[in-house]
Amino acid sequence: MNATRNAIGLGLRRGWTEFVLSLRSPQDQGFYLFMGGGTLLYLWFNRNSDITADGETIPVVAYSLPSILAALLAFGVVIGPAYALAMEREDGTLLRHKAVPHGMQGYVTGQLLYHSLGLVPMLLVILVPSFLLFDDLMARGASGWLTVAWVLALGLLATLPIGMVIGSLVPGVQKVGTWGMLPIIVLTAISGIFFPIQALWGWVQAVAQVFPIYWIGVGMRSAFLPDTALAFELTGSWRTGTTVLVLSAWAVAGLLVTPRVLRRMARRQSGSQVAEAREQALQWVH
Amino acid sequence: MIRTRGLRMSYGAQEVLSGVDLEVHPGEVVCLLGPNGAGKTTTIEILEGFRLPSAGEVRVLGEDPAAAGEAWRARVGVVLQSWRDHARWTPRQLLTQLGGYFQPWSTPERPRPYAVDELIETVGLTEHADKKIVRLSGGQRRRLDVAVGIIGRPELLFLDEPTAGFDPQARRDFHELVHRLSDLEGTSILLTTHDLAEAEKLADRILILTNGRIVASGSAEELTRQVAGTAEVR
């Protein structure tokens, strides 16, 4: 029996178990409903509004839905794993895996699967009611859905490692907000996800285009919106090739960097560290 | 099984271990006894490969634990302090999952991992096997920690303050389990405690660690004689 393959299989089983447990958890169900309900309320109250650029007008609902999906992808797969990793460093989960042979490989595989699967209910609670309540959301039919699928897959590969790296580097779970959430909120805000990026300064546009969130947004809009919406894009095109290139570059960089950062973090894990984190958490609570 | 020579560990200017020499032989149960802050956990974490020593030589199962590979890890069992993990899982799920990692290292002489039901019964968690871990009491949770530590049928087991939080019955059950592991499985065990009575009950040999040094070593009777001798001299 190959030990690495065995560990990856166990990791996949672990990811699936965590996902099923999450679906049964009232806390997680509440979170999904809150996110879904909040999004629908926003779309409902803007159902009669339009946005205009270069003489082109499109409904806010149509522009917002792909952008919201992109934002959820960015938040879900960056902040989710960052929190999980920081928390599981402190509660002993990671050390538990470090204490078994090939346990870290299994742990990371489980995390990747769990956070990828976690997007499914989130997408469903937003997409299903949106398509029931609003018209003309998907302008491109089957090819549009195909684009959604590849943007999701590539977006996951590009952003999941960022979450893992943040979770490995933050000093403690309380710091994820500052080190993880804040930069992602800023990057999402400047990435043209909530309003057309042309409204921002040139240098901000340049910064936004370095990061994957902007390109996930472009990719999602290219899937849902008609070509008339190109008026809202920077170069007047969907830049599909560049989207693939930038997201792939982030995915490859993540693939190269993340295992090293994780190994470094795992090397530093010990029982005393877990005990120390527990003491600090108790002090924080008191 | 374990051999250290001149083991030293410093955190900044503070020296926690100042030249620890210790040996554990096959099948032996050795207890590292000492007050809080004596360096017990640091020693055990170095031996487990979780910490790098500042200086000294360490061999565990013939290898340097800090550089040892996964095959070495499969031969070692670890029960640490302060687990709070996998709250939503059940003991059965957790043991099945973690036990799976040991399967590639199973041999006819030492089948790995333990059968989960058998192990759950051994640690007295049969009634709680399908409860969520978060609903277990402190003692039950600690028994689960022990089960996780031995799921891979280790040749060498590290137990760090294993009975902290146990009630008297759980403590007796645990002592029985340690004897069973040592007698039936031939597992070598190194455990830390600050409870002298527990050390006497469990260990073939006790090492007393104070201020980062082993100041006395021997069976409970030998140590008693040493102390009595010292008293007579005085």
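If you're wondering where the values come from, they're calculated on a predicted model, not measured in any experiment.

Criteria and cut-off values
- Residues numbered from 1 in each chain as written.
- Chains lettered and ligands numbered in written order.
- Predicted model: local features only at pLDDT ≥ 70, side-chain atom pairs only at ≥ 80, totals over all residues.
- Heavy atoms only, no water.
- Helix = DSSP H or I, 4+ residues; strand = E, 2+ residues; numbered from the N terminus.
- Buried < 20%, exposed > 50% of the residue type's maximum accessible area, 1.4 Å probe, protein only.
- Contact = heavy atoms within 4.5 Å.
- Core = buried A, V, L, I, M, F, W, Y, C linked by side-chain atoms within 4.5 Å.
- Salt bridge = Lys/Arg side-chain N within 4 Å of Asp/Glu carboxyl O.
- Expected span 1.5 Å × (residues − 1).
- Phe/Tyr/Trp six-rings, centres within 6.5 Å; stacked < 30°, edge-to-face > 60°.
- Lys NZ or Arg CZ within 6 Å of the ring centre and 35° of its normal.
- Pairing = 2+ DSSP bridges.
- Buried area = accessible area lost by both parts, 1.4 Å probe.
- Nonpolar A, V, L, I, M, F, W, Y, C, P; charged D, E, K, R; others polar.

Trainee: I'm lost on the environment of A:Leu133 in this one. Help?
Mentor: Residues and elements named next belong to chain A. Structurally, the position occupied by Leu133 is in helix H6 (residues 119-133). Overall, the relative accessible area of 46% leaves Leu133 in the partly exposed class. With 19 residues separating them along the chain, Leu133 and Leu152 place their C-alpha atoms 23 Å apart. Filtering out sequence-adjacent residues up to four positions away, Leu133 remains in contact with Leu40 and Trp44.

Trainee: What should I look at first to understand the nonpolar core in this one?
Mentor: Inside soluble globular proteins, nonpolar side chains tend to come together where they are buried. Core analysis: the largest hydrophobic core is formed by 54 residues, its most contacted members being A:Met220 and A:Phe224. The element contributing the most residues to this core is helix H3 (residues 60-91) of chain A, with 14 residues. If you look at the next biggest cluster of nonpolar residues, it comprises 47 residues, including B:Tyr114, B:Ile151, B:Leu177 and B:Val178.

Trainee: Even after reading the chapter, I still don't get the pattern of salt bridges, so can you show me in this structure?
Mentor: Using the criterion set out here, one finds 20 salt bridges over all chains in the structure. For B:Arg88, the salt bridge goes to A:Asp28, with nearest N and O atoms at 3.4 Å. Taken as a pair, B:Arg88 in the loop between strand S5 (76-79) and helix H3 (91-100) and A:Asp28 in helix H2 (residues 26-45) lie in two separate chains rather than in one. Note on A:Asp28: relative accessible area 17%, which makes it buried.

Trainee: Is there a simple way to explain helix H5 (residues 138-150) of chain B in this structure?
Mentor: Quick reminder: α-helices carry 3.6 residues per turn. Residues three or four places apart thus point the same way. Counted at 1.5 Å a residue, the expected span for H5(B) with its 13 residues is 18 Å, and the 19 Å between its end C-alpha atoms agrees. Where H5(B) is concerned, the buried positions are B:Gly139, B:Gln140, B:Arg141, B:Arg142, B:Arg143, B:Leu144, B:Asp145, B:Val146, B:Ala147, B:Val148, B:Gly149 and B:Ile150. Those residues of H5(B) that are buried are in contact with helix H4 (93-98) of chain A together with S5, H3, helix H4 (116-122), strand S6 (156-160) and helix H6 (168-185) of chain B.

Trainee: What should I look at first to understand the packing of aromatic side chains in this one?
Mentor: Each pair of aromatic rings is reported with the distance of its centres and the angle of its planes. All names here are of chain A. Under the criterion given, the structure shown has nine aromatic pairs over all chains. Relative to Phe134, the ring of Trp44 lies with its centre 6.3 Å away and its plane at 45°, an arrangement referred to as tilted. With Trp44 in helix H2 and Phe134 in the loop between H6 and helix H7 (141-169), this pair connects stretches of sequence that are 90 residues apart. Judged by relative accessible area, Trp44 falls into the partly exposed class, the value being 37%. Between Phe131 and Trp145, the aromatic rings sit 5.5 Å apart at their centres with planes inclined by 45°, giving tilted as the arrangement. Separated by 14 residues along the polypeptide, Phe131 in helix H6 and Trp145 in helix H7 bring together distant segments of the chain. You can call Phe131 partly exposed: its relative accessible area is 30%. Each member of the aromatic cluster is reached from another via a ring pair, and the members are Phe131, Trp145 and Phe224. For Arg47, the ring lying beneath its charged end belongs to Trp44, and the centroid distance is 4.0 Å.

Trainee: So what exactly am I meant to see when it comes to the pairing of strand S8 (residues 205-210) of chain B here?
Mentor: Each regular strand displays side chains that alternate between the two surfaces of the sheet. All names here are of chain B. As paired strands, strand S3 (residues 29-33) and S8 are joined by four bridges and run parallel to one another. What sits directly across from Leu32, in S8, is Leu207. With five bridges connecting them, S8 and strand S9 (residues 213-218) associate as antiparallel partners. Residue pairing in the sheet places Thr210 in a bridge with Arg213 of S9.

Trainee: Can you help me understand the interface of chain A and chain B in this one?
Mentor: When the parts of a complex come together, some accessible area is lost, and that lost area is often taken as the interface size. Facing the 39 residues of chain A at the interface are 28 residues of chain B. Surface buried jointly by chain A and chain B totals about 3,000 Å² across both partners, of which 58% is contributed by carbon and sulfur atoms. Summed over the shared surface of chain A and chain B, the number is three salt bridges. Of the charged contacts in the structure, one is a salt bridge between A:Arg96 and B:Asp85, with a shortest N-O distance of 3.0 Å. Taken together, the elements giving at least two residues each to the side of chain A that touches chain B come down to helix H1 (3-24), H3, H4, helix H5 (103-117) and helix H12 (271-285) of chain A. In terms of residue count, H1(A) provides more of the side of chain A that touches chain B than any other element does, 11 residues in total. Considered class by class, the residues forming the side of chain A that touches chain B number 13 nonpolar, 16 polar and 10 charged.

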